[in-house]
Amino acid sequence: VGVVIGWFSRPSQKEEVPTEDSSIQQKLMDIMNKENIKSNLKHLTSKPHIAGRENDEIELVNYIENEWKTNGLDNVVSYPYDVLLSYPKQGDSNYVAIVAPDGSESNISQRKEAVIDPVQDDPDVVDPFNAYSAAGQPEADLVYVNYGTIDDFIYLNRTLSISTQNRICIARYGRIFRGDKAKHAQQYGCIGLILYSDPANYCVPGKGVYPDSWYLPPTGAQRGNLKLERGDPRTINYPSIATAWLQDVNKTSLPKIPVTPIGYIDAVKYLDKMSGPEVPDGWAGGLNITYRIGPGFVGSYANSKMKMSVKTANEVKTIKNVMGFIRGSEEPDRYVIFGNHRDAWIFGATDPSSGTSILMEMVRGYSEMVKQGWRPRRTLVFCSWGAEEYGLIGSTEWVEEFQKQLLFRAVAYINVDVAVSASYVFKSRGVYSLRKLLFDVTKSVPNPDQDEVAAGRATVYDTWLARDPSDSTDPIYGSVPYFGTLGSGSDYTMFLQSVGVPALDMSYTYDYTLGVSSYPLYHTVYETFDMVTKFVDTDFSYHLAMARIWAEAGRRLADSIILPIDCRSYAVYLDENYESVMAEFGDRMRNHDIDTDKLKEVIDLFSKAANEIYNKAAGLDLTKHYITAPSQHNNYGNAGFPGLVDSMFDIDADPDQDGRWDEVKRQYSILIFHILSAASTLRNPV
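Residues numbered from 1 in each chain as written. Predicted model: local features only at pLDDT ≥ 70, side-chain atom pairs only at ≥ 80, totals over all residues. Heavy atoms only, no water.

**Examining the side chain of T149**
No. 1: Residue placement: T149 occurs in the loop between β6 (142-144) and α5 (150-159).
No. 2: Each residue touching T149, except ones within four places of it in the same chain, is listed here: I176 and H184. (Helix = DSSP H or I, 4+ residues; strand = E, 2+ residues; numbered from the N terminus. Contact = heavy atoms within 4.5 Å.)

And the structure:
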């Protein structure tokens, strides 16, 4: 009773309104140092560090743990998982060749990339391979399948009546994820697949090649995994912890055919000898030959076959995720998560170590701010993921293990792998509700391009808008830069697609009008520290700009009283997808008695609810990823309304028309339900 009397008789006090310290932004930006980032990158790239082996899982793990503990993070924890990885057979590596009727081999491909810089002559460099390929030594006629997209295979087999059944196919890298190329090849009966990097996709005429420029030399071969499902293939949808039941590898979806990469120094030897018709428009690459489809060879090689020798094998290895934490002062059970993967196919100076070097400096910067008395409102979580290159394994296993906590506690996830691949423009992809956050942050970060500054564009945002503008005027923000959406391809995937955490991915990159499929030295032995300092970012000004963007975006998410999340942008995204889907499929859907107006009605409901909650400054977000997901035929790509779009793909060729249209109607009704549910959640968040 005394307590109650005391409470109600206390002097009235004005409730303190929580505020955000506006001075922290500049202090945080100023405290980060580009020389530290450069030093970090030099250390991280001093040795090859493929996942599952000592250089990555022991040496770099210990380095990161020790640095973060020295910085004074509140907690540093490593999470190990025993998972299925894949390696080439060193000393007897993969190759391809032309085999004569008597069994003799000629035109044998290089088993290793040529050493151009002495640092590349390291015994820990793994020879070119595609992880999770089946082993085998098939021999067959060769067929050129362009990029190996589903449309390429349909065109060959249906339109041209050139069968790929029981053939070895050769495809160039680019356009889609390499694992989808392997899936399509297997689907259309190929018994082996050779992947190569065509100069049309990785070089620019007259610009030279490495070591004289940034472009791919003939000897470069792109490594990469082929796995389509995320995480350990033996434990799909649950974590690879000690008690996990493991699926028989033979019953997984891993490729059943041999696949291996080669450089264009070798690819030209096979493509130049091919028989058959010339390729259609758009299929020729940049080699100085007449591209033909095949099957088989001409001239003195007419009776010869293509041979592959692939000895890639799977191994169970222990990988580790390193996690560091700065505990929040007011909402410690709400997490703002920063992620970058640690493992690289070789040295990984761009992918991922440009991002890792920045992560290390960002953690140091945040730690210094804590020592000066600042503490974020919400908890900061820093993640160094293991085995991302093998299909997002580290992040997937961790999210699967902690998905219930993340579902209720994660505020946002910001991913940076390839922090700086070039210095042309900043780019970002993510959920639309985080667009304005990135627009505002980049308006506050000084432009590292001094020529752009001299032209009157003082901030990162100014150059982003000038060099990569959106195709249309945004109904909310007006003229804005292009902001992409996320499919799969990096560690944001599980956060976004599995537990619905709003996610961003960002990098400094090249001018896409160059026409290259990725930065040219991607996943090759030539992606070294010296390459970065010579061709990418000589004084690390762009790395520093990325560090500032990443840190400030996370700080605003952690410190803002009301989360900087704008649901109205998500409504814009829904509208854009509606218009796109209706333009392609609307008439056919209406011809099958599907009321397409219903979808527009529920999108309008969502938009109204989003505007209401924005006006109330509630700052809520809802990421229902029946709306955005990886494309069925390209894991790297994104499909708006994926269930509906995938159900419509190639529908006219399906003999079961009634069944397929029932599936379209089912997917359409589910889509409407999810958007209605989202609108209801915005209106009734509690």
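Here the narrative resumes.
**With respect to the sheet that holds strand β14 (residues 378-385)**
No. 1: As summarised here, the arrangement of the seven strands in space is β1-β12-β14-β13-β15-β17-β16, forming an open sheet in which the pairing is mixed. Of all the strands in the sheet, the pair left with one neighbour each is β1 (75-87) and β16 (425-430). Pairs of neighbouring strands in the sheet enclose a mean axial angle of 20°, with direction left out of account.
No. 2: Bridge count for strand β15 (residues 410-415) against strand β17 (residues 503-509) is three bridges, and the pairing is parallel. In the strand pairing of β17, I414 is matched with L504. (Pairing = 2+ DSSP bridges. Axes fitted to C-alpha atoms, helices over the stretch in contact; angles between N-to-C directions.)

**With respect to the pairing of strand β10 (residues 259-262)**
Walk down a regular strand and you will see the side chains alternate between the two sheet faces.
No. 1: Side chains V259 and P261 project from β10 onto one buried face, and the interleaved T260 and I262 project onto a second face that is buried too.
No. 2: By the bridge criterion, four bridges tie strand β8 (residues 192-196) to β10 in an arrangement that is parallel. Its bridge partner being in β10, Y196 is matched across the sheet by I262. (Buried < 20%, exposed > 50% of the residue type's maximum accessible area, 1.4 Å probe, protein only.)

**Description of the UniProt feature "domain: Peptidase M28" (unreviewed entry) in the protein**
No. 1: The feature "domain: Peptidase M28" (unreviewed entry), as annotated in UniProt, sits at residues 321-532 in this numbering.
No. 2: Here residues 321-532 is 32% helix and 21% strand, with 26 Å between the C-alpha atoms at its ends. (UniProt positions renumbered as here; feature names shortened; annotations may be inferred.)

**Describing the packing of aromatic side chains**
No. 1: All chains considered together, the criterion is met by 38 aromatic pairs.
No. 2: With 4.9 Å between their ring centres and 50° between their planes, W345 and Y390 make a pair best called tilted. With W345 in the loop between β13 (331-341) and α9 (353-371) and Y390 in the loop between β14 and α10 (393-401), the pair connects residues that are 45 residues apart, well separated along the chain. Take W345 and Y390: they sit in the same class, and that class is buried.
No. 3: Three or more aromatic residues link up through ring pairs in this structure, and these residues are F426, F439, Y461, W464, Y477, Y508 and Y542.
No. 4: A cation over a ring is seen here: K427 above Y512, with NZ or CZ 4.3 Å from the ring centre.
No. 5: Directly above the aromatic system of Y461 lies the positively charged group of K443, at a separation of 4.8 Å from the ring centroid. (Phe/Tyr/Trp six-rings, centres within 6.5 Å; stacked < 30°, edge-to-face > 60°. Lys NZ or Arg CZ within 6 Å of the ring centre and 35° of its normal.)

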